[in-house]
Amino acid sequence: MSGVSVTKETDDARPASGDLVVLSNVNKHFGALHVLQDIDLTIARGEVVVVIGPSGSGKSTLCRAINRLEPIDSGSISLDGKPLPAEGKELARLRADVGMVFQSFNLFAHKTVLENVTLGQIKVRKKDKALADEFARTLLDRVGVANQADKYPAQLSGGQQQRVAIARALAMEPKVMLFDEPTSALDPEMINEVLEVMQQLARDGMTMVVVTHEMGFARSAANRVVFMADGQIVEEATPEQFFTNPRSDRAKDFLSKILHH
Amino acid sequence: MFDFLEGYDLLGAFWVTVQLAVFSGIGSLVLGTILAAMRVSPVPLMRGFATVYVNVVRNIPLTVIIVFASLGLADIFGITLGAADDFDALSFRLAILGLTVYTAAFVCEAIRSGINTVPVGQAEAARAIGLNFTQVLSLIVLPQAFRSVIGPLTNVLIALTKNTTVAAAIGVAEAALLMKEMIENESQLILISAIFAFGFVVLTLPTGLILGWVAKRVAVKR
Ligand SMILES: Nc1ncnc2c1ncn2[C@@H]1O[C@H](COP(=O)(O)OP(=O)(O)OP(=O)(O)O)[C@@H](O)[C@H]1O
Ligand SMILES: [Mg+2]
């Protein structure tokens, strides 16, 4: 330790701007299916990237590769300058630095909302229970479900569950948050309450990778849209550019389908 | 009418039955949980071992296992579990070992079916916040798996209680051995059978009722 700083930033003594997540030449197969093909993607600190594309194009696999829930065949992925470690202690620590929010919430059904948000803090970050509780309540308040802390996930609406899931991920104080279609399992009237929380996160400077077809969110919160098809990144552009004037035929075709239905 | 009972230690025999059931019950729950954890572990060697264990052990008759424990382990290999000179203690311990080894295979399968009821997404979410394999299993998967298989586990424990009678084969002085002795010496065949049948119901019925109640209380709402 240098002794200059005692904050958690000590770890990140490299230039504060810079690239947070770097994928280079990443390939992944499921059997004969080439799901990720030579993916190069760099996400800067504080950037919000929306990943969009037809079903089966590899968006979820991309997200899952970033925190190594899915191992890759070749290429490299690094987080904050460090390459992803193999299975083991190191990897668990890395995962804690990457928050993940799933389409189906995946809250721990046998634990209360509060316990869902404190578990990782206590077991992974080794925080004191009282401190973990306090931080959890702050986060639950931030996502607007503070009054549900003692309920079980099944007693909450989908929108509330997803907001708890966001709080659970934030509790690890991650460097980057991955969202895999966070609103597509929700009833329409609950989509906005979740998007608002995500928008606030984006405004607070969180680095985010969001798989979503919510164009409103992409336009208002994203710095960049990445369009994937058949395991490849076909197009990258600003949201404005992408939605009004897509360059590739694949993107034009895809947009015409999601815009008129 | 019950005069013939005099001179027989009925309660003592059932007490041995209870001890066999409780000790092997605890042992098989522990061993069965470890086996179930191995069956879902990412290490192929562990998965293979547990799979072979379950498929071999549950297909061997319990009598064979218990007799093997007595003749094979004790007499041939000289494994005496710390009771070399005390024949009664030795067969008691060997019976517990045999019952544990046998019942663990069934406990393992019950728990594994419970593990399958826990949505994979929860295990993934647990890994995503940085929990390691052991933590995911012990904090997220197993607690929910147990709650969903209390019913099947109850059946395994009731079967175990009745299976303790096989210990008579190697001379453990439990209820079935006493019953055999009484039937040989007395003439009240039907009455004796009824008494022992009643004794086992008294042991197993509350187990079923209590665990049934527990299962309802701890059920995980989805
Ligand atoms: N575990 C797996 N085993 C085999 N094939 C898989 C697996 N997971 C995904 N796939 C396949 O890989 C391809 C990419 O899947 P992925 O889930 O990444 O797509 P996606 O872009 O997220 O699609 P969606 O919009 O439907 O969620 C699909 O064809 C899918 O069927
Ligand atoms: Mg997907």
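Residues numbered from 1 in each chain as written. Chains lettered and ligands numbered in written order. Predicted model: local features only at pLDDT ≥ 70, side-chain atom pairs only at ≥ 80, totals over all residues. Heavy atoms only, no water.

Looking up chain A in an unreviewed UniProt entry gives the name Amino acid ABC transporter ATP-binding protein, with the organism given as Streptomyces niveus. In its Subcellular location (unreviewed entry) section, the UniProt record describing chain A reads: "Cell membrane". Quoted verbatim from the Sequence similarities (unreviewed entry) heading of the UniProt record, the comment on chain A is "Belongs to the ABC transporter superfamily." (UniProt positions renumbered as here; feature names shortened; annotations may be inferred.)

### Comments concerning the overall build of chain B
When helices and strands are tallied, chain B shows nine helices and zero strands. Sequence-ordered secondary structure for chain B, helices as α and strands as β, is α-α-α-α-α-α-α-α-α. Residue burial in chain B is summarised as follows: out of 222 residues, 45% are buried. Considering only contacts in chain B between residues 6 or more positions apart, those separated by 24 or more positions represent 77%. Here chain B displays about 11,300 Å² of accessible surface, and carbon together with sulfur accounts for 69% of that area. Mean positive and mean negative side-chain charge positions of chain B (13 and 13 charges, respectively) differ by 27 Å. (Helix = DSSP H or I, 4+ residues; strand = E, 2+ residues; numbered from the N terminus. Buried < 20%, exposed > 50% of the residue type's maximum accessible area, 1.4 Å probe, protein only. Contact = heavy atoms within 4.5 Å. Areas by Shrake-Rupley, 256 points an atom, 1.4 Å probe, with all protein chains shown as cover. Lys, Arg positive; Asp, Glu negative; His and termini not counted. Charge placed at Lys NZ, Arg CZ, Asp CG, Glu CD.)

### Some remarks on the nonpolar core
In terms of nonpolar packing, the biggest core is built from 87 residues, with L23(A), L20(B) and L131(B) touching the most fellow members. Ignoring any residue separated from it by four or fewer positions in sequence, one finds L131(B) in contact with L119(A), K123(A), V124(A), A126(B), V136(B), L139(B) and I140(B). Counting 52 residues, the second-largest nonpolar core is a separate cluster that includes L156(A), A165(A), I191(A) and M206(A). (Core = buried A, V, L, I, M, F, W, Y, C linked by side-chain atoms within 4.5 Å.)

### Considerations on the UniProt feature "domain: ABC transporter" (unreviewed entry) in chain A
The UniProt entry lists residues 21-255 of chain A under the feature "domain: ABC transporter" (unreviewed entry), expressed in the numbering used here. A helix fraction of 39% and a strand fraction of 26% characterise residues 21-255 of chain A, whose end C-alpha atoms lie 27 Å from each other.

### Focus: helix α6 (residues 133-148) of chain B
The first and last C-alpha atoms of α6(B) sit 21 Å apart over 16 residues, in line with the 22 Å expected at 1.5 Å per residue. The sharpest bend along α6(B) measures roughly 45 degrees and falls at V141(B), with the proline P143(B) sitting one to four residues further on. Burial in α6(B) covers these residues: Q135(B), V136(B), L137(B), L139(B), I140(B), V141(B), L142(B), P143(B), Q144(B) and A145(B). Buried positions along α6(B) lie against α3 (113-123) of chain A together with α1 (10-39), α4 (87-115) and α5 (120-128) of chain B. (Expected span 1.5 Å × (residues − 1). Bend = angle between axes of the 7 residues up to and from the residue.)

### Points about the interface of chain B and chain A
Chain B puts 19 residues into the contact, and the matching count from chain A is 24 residues. Summing the contributions of chain B and of chain A, the shared interface buries around 1,800 Å²; its carbon and sulfur component is 65%. Its largest share of buried area at the contact with chain A, chain B owes to R127(B), A128(B) and I129(B), together 32% of the area lost on that side. Here chain B is connected to chain A by one salt bridge. E124(B) serves as the salt-bridge partner of R64(A), at 2.8 Å between the closest nitrogen and oxygen. On the surface where chain B and chain A come into contact, there are six residue pairs in polar contact (both at pLDDT 80 or more). Sort the elements by how many residues they give to the side of chain B that touches chain A and α5(B) lands first, with seven residues. (Buried area = accessible area lost by both parts, 1.4 Å probe. Salt bridge = Lys/Arg side-chain N within 4 Å of Asp/Glu carboxyl O. Polar contact = N/O pair within 3.5 Å; in protein donor to acceptor, adjacent residues only side chain to side chain.)

### Focus on the pattern of salt bridges
For side chains bearing opposite charge, pairing can occur when the charged atoms are close. Applying the stated criterion across every chain yields a total of 18 salt bridges over all chains. Across the pair K28(A) and E70(A) runs a salt bridge, and its minimum N-O distance is 4.0 Å. Of this pair, K28(A) sits in strand β1 (residues 19-30) while E70(A) is found in the loop between α1 (59-66) and β4 (74-79), placing the two residues 42 residues apart along the sequence. Among the residues examined, K28(A) registers a relative accessible area of 7% and is labelled buried. We classify E70(A) as buried; its relative accessible area is 15%. Between E109(B) and R58(B) there is a salt bridge, with its nearest N and O atoms 3.9 Å apart. Of the two residues, E109(B) is situated in helix α4 and R58(B) in the loop between α2 (44-57) and α3 (62-76); the sequence distance between them amounts to 51 residues. The partly exposed category is assigned to R58(B), whose relative accessible area is 33%. A single network of salt bridges, built from pairs that share partners, joins R45(A), D80(A), D97(A), R125(A) and K175(A).

### Points about the sheet that holds strand β8 (residues 207-211) of chain A
All names here are of chain A. On the basis of which strands lie adjacent, the open sheet formed by six strands has the order β6-β7-β8-β3-β9-β10 and mixed pairing. Of all the strands in the sheet, the pair left with one neighbour each is β6 (98-101) and β10 (232-237). Sheet twist, expressed as the mean angle between neighbouring strand axes with direction ignored, is 20 degrees. Pairing analysis gives four bridges linking strand β3 (residues 48-52) to strand β9 (residues 224-229), with the strands arranged parallel. Residue pairing in the sheet places V50 in a bridge with V225 of β9. Contacts from α1 reach β3, β6, β7 (176-180), β8 and β9, with the element oriented near 150 degrees to β7. Across the face of the sheet, helix α2 (residues 89-97) comes into contact with β6 and β7 while running at roughly 65 degrees to β6. (Pairing = 2+ DSSP bridges. Axes fitted to C-alpha atoms, helices over the stretch in contact; angles between N-to-C directions.)

### What to know about the site of ligand 1
All names here are of chain A. Taken together, the residues surrounding ligand 1 are F30, L33, V35, P54, S55, G56, S57, G58, K59, S60, T61 and E181. Between ligand 1 and S55, the relevant distance is 2.6 Å, taken from an oxygen atom to a side-chain nitrogen or oxygen of the residue. Between an oxygen atom of ligand 1 and a side-chain N or O atom of E181, the distance comes to 3.2 Å. For ligand 1, the protein covers 58% of the area, taking 630 Å² as the surface of the free molecule. For the shell around ligand 1, the secondary-structure elements that each account for two or more residues are β2 (33-44) and α1. (Near = heavy atom within 4 Å.)

### Notes on the side chain of R64(A)
Along the chain, R64(A) falls in helix α1. At a separation of 2.8 Å, a polar atom in the side chain of R64(A) contacts the side chain of E124(B). For R64(A), the contacting residues outside a window of four places in its chain are L69(A), E70(A), M100(A) and E124(B).

### A word on the packing of aromatic side chains
Residue and element names in this part refer to chain A. Under the counting rule described, the total for this entry stands at seven aromatic pairs over all chains. Taken together, a centroid distance of 5.3 Å and an interplanar angle of 80 degrees make the contact between F242 and F243 edge-to-face. We classify F242 as buried; its relative accessible area is 0%. For F243, a relative accessible area of 9% corresponds to the buried category. (Phe/Tyr/Trp six-rings, centres within 6.5 Å; stacked < 30°, edge-to-face > 60°.)

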